Structure formats: structure tokens, C-alpha cells
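Each chain is listed here by its residues.
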Amino acid sequence: MTSVAPRTLGHTVQVRRVIRETPEALSFVLDVPEDLAERFTYSPGQFVTVRIPSDRTGSVARCYSISSSPSTDEHIKITVKRTVGGYGSNWLCDHIAAGDSLHMLAPSGTFVPDRLNGHLQLFAGGSGITPVMSIVKSVLATPTGTVALYYANRDRASVIFDAELAELVRRYPERFIVEHRLEDEHGLPTDESVAAFAADTAADGAFICGPAPFMALVKDTLVDASYDRHRIHLEEFRSLDGDPFAPLHELSAVDADTPSVEVTLDGDTHTLAWPTDATLIEVMVDAGIDAPYSCREGECGSCACTLVEGTVDPGNTEALDPDDVEEGYILGCQAKPTSRNLRIEF
């Protein structure tokens, strides 16, 4: 079984191993070829976009978090939980075995701590543990980092990484706290339980991933507790409507009137011609730059960047908070230039 399609963007990797985490969740350990190792370098909390074959549309794109840690694991691992009516999750769980191949984009995403050697509060609901687990292991791999995890599930059998979490608590009793919130024992998460947890542990930041009602509850509770909103980070995945694997359209010819952009990514600055009918991501990918993107539709936010100089038509900014837009954030997959000279930082 394979999800590879010819003449698409992205990369093909082989599945090295499949691990059953719970009756509903599987982890897929990936064997990244040596020539793709640099492109698949990732930070804790990031995800990959996977191409899933479809009889109706040819393919669909779905985002799955990386649950391994770049600090402790040799191979990248993504974890997928079946969802009712979830085409992508069910297809992967039903069809992919060790030795099969998957077609995907390189890791991306902004659900990443600025620093790992401080203290973080993590809030996970169900399969929202997947990027959180990567952060947990990466924090504990530092000499001084500490982490407190609030983890909500239906029952004990649905706790993904239950044994691994218990082992980490045993190994790092002074640096790792886990509070399990099981619905069949404690009921659904409440603002009181979240507030009590947050009050017990001082933190440099909070990272939240899980079902939308869970994330809203936690965020609202933290805001009410006077958390700085800049220290609250949410990871929210949507089913992507477009095809991020589709080849780029041919860019317009460059002339003396074509805008120019200085774009800084991973410490490197590139000067590029930026045709007015092209997005920043299209221009960067066309230039061979490993630009961060996952949807090309303005839906995921992984290409968020800061407009330092110049003006753009921002396009669809649904993935950004209004406050982020006010502070100068744009989406590289949507923005098109409306001034001659621009400067952008990722």
C-alpha cells in the first residue's frame, strides 16, 4: 500500500514500524532517506502533512503531529487516532503497515517552545498528546527543564503513551508532573480543575492541544487567571480543503517593476523577485528554499511570518488571531506584494 503520487510536491518516506498505542491509536515510525535528513529536521511540537489517496478527489491532505523528540529519538514518529468519520485517520490505520510508503511535506508548525530549559505547563485532550509528548521528552532531555502535564481522556484504556508517561514520571520525579483527568472517574475537565492545576505550577508558558471545546476551556481559564496571552499557545488542526501537494503554477516573468523581498528564514536572508500575482511561499519554493508551509490555503498557520517592511494583500488570514494581524503577522501562502520593496522574517 502506498500514498505516493507522481509529479507532486513533497517527499516519499517509508514506514519502518507500526506501534499500537491504544485500541484506537497507532504510531508510524518513519524511515527518512539520508538525502532528506536535513529537510526532515524538526522541532518538538511540529507536524507533517500527509497525502491520503481518495477515489473521489485523487487525494486529500491531513496534518499529523510528530510524537517523537529530536532530542531522544532516532526516527521520526507520527501518532494517529481514529476519529468517527475521519477519512484520513481511518485510511492510515486500516491500510498502512511496515514497509509501505507515505508521501508528505517536510515538518512544519509553530506549536514550538522558545526554550526548553525552563518550566512549561502542557494541556492535552485525547490525541492532543501527540505534539505535547514531543515537547515533554525534549524538555526532560535538557539538564534543567521541568514540565507539568494536564491530560484529559475518556478512560484509562484511551490514554495514549500511558506507560511511557509513567516511566518518565518515575525517571524524573522532581521535573515532571502528570495529572490525568479521566472522564469515567472525574468527569469532564472543568475550569476549576484547570485553574487549580495552573495555580500549583508556575510556568514560562502554556501549550494546549486537543478537541476545540477542551482548548477553549483551558485558554479561557488561563486568561481569566491573568495569564499573558503571548504565553498561551494552541495547536488546532483543520481538514484541509486544498491540495498542498499540487505543483506550483508557473510564475510571471520578472521585469524592472517586479517587487523585491528580503526574506529571513532560519538565520539566512534571501533576496527574491516577487511577482504581484504570486504568494511568498510560491516564490520561495520556486527559488529552491525549504519554506515552511502545510496547506497553501491560509488554514493552518504554519507559514506565519512577520511583515517588517512594505505592504501586502494579506489574503485569507483565518488561521491568525486578530491580535497577531495587528502585530504584523501575515501568512506566506496567502500574501501578495503591494509595494516595491519588502522585508519579511520567519
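J.: Requested: an account of the overall build of the protein chain, with residues and values cited.
T.: Helices and strands together make up the secondary structure of the protein chain, namely eight helices and 18 strands. A globule of 346 residues ought to have a C-alpha radius of gyration of about 20 Å, and the protein chain, at 21 Å, matches this closely. Along the three orthogonal principal directions, the C-alpha set of the protein chain runs to about 65 × 50 × 35 Å. The proportion of buried residues among the 346 residues of the protein chain is 51%. Of the roughly 15,900 Å² of accessible surface on the protein chain, a fraction of 46% belongs to carbon and sulfur atoms. In the protein chain, 27 positive and 53 negative side-chain charges are present, and the distance between their average locations comes to 6 Å.

J.: An account of the side chain of Asp 100 is requested, with residue identities and associated values reported.
T.: As for its position among the elements, Asp 100 is in the loop between α1 (87-95) and β6 (101-104). Within the buried core, Asp 100 has no salt-bridge partner, and the shortest N-O distance to an opposite charge, that of Arg 82, equals 13 Å. There is a polar contact of 2.8 Å between the side chain of Asp 100 and the backbone nitrogen of Ala 97.

J.: Summarise the sheet that holds strand β18 (residues 341-345); cite the residues concerned and give the values.
T.: Reading across the sheet, the five strands line up as β13-β12-β18-β14-β16 and stay open at both edges, with mixed pairing between neighbours. Each edge of the sheet is formed by a strand with only one pairing partner; in this case those strands are β13 (268-273) and β16 (329-331). Averaged over all neighbouring strand pairs, the angle between strand axes comes to 35°, with direction disregarded.

J.: Provide a residue-level description of a negative patch on the surface, including the pertinent values.
T.: A surface patch of negative charge is lined by Asp 191, Glu 192, Asp 220 and Asp 224. Within the element layout of this structure, Asp 191 appears in helix α5 (residues 191-200). Residue Asp 191 is classed as partly exposed on the basis of its relative accessible area, which comes to 38%.

J.: Can you lay out the side chain of Lys 81 for me, pointing to particular residues and giving the numbers?
T.: On the secondary structure map, Lys 81 appears in strand β5 (residues 77-81). As a buried residue without a salt bridge, Lys 81 has its nearest oppositely charged side chain in Glu 24, at a separation of 4.0 Å. Apart from residues lying up to four places away in sequence, Lys 81 is in contact with Glu 24, Ala 25, Ser 89, Gly 126, Ser 127 and Ile 160.

Thresholds applied
Residues numbered from 1 in each chain as written. Predicted model: local features only at pLDDT ≥ 70, side-chain atom pairs only at ≥ 80, totals over all residues. Heavy atoms only, no water. Helix = DSSP H or I, 4+ residues; strand = E, 2+ residues; numbered from the N terminus. Rg over C-alpha atoms; globule rule 2.2 N^0.38 Å. Buried < 20%, exposed > 50% of the residue type's maximum accessible area, 1.4 Å probe, protein only. Areas by Shrake-Rupley, 256 points an atom, 1.4 Å probe, with all protein chains shown as cover. Lys, Arg positive; Asp, Glu negative; His and termini not counted. Charge placed at Lys NZ, Arg CZ, Asp CG, Glu CD. Salt bridge = Lys/Arg side-chain N within 4 Å of Asp/Glu carboxyl O. Polar contact = N/O pair within 3.5 Å; in protein donor to acceptor, adjacent residues only side chain to side chain. Pairing = 2+ DSSP bridges. Axes fitted to C-alpha atoms, helices over the stretch in contact; angles between N-to-C directions. Patch = residues over 30% accessible without salt bridge, like charges linked within 9 Å, V, L, I, M, F, W, Y side chains within 5 Å. Contact = heavy atoms within 4.5 Å.

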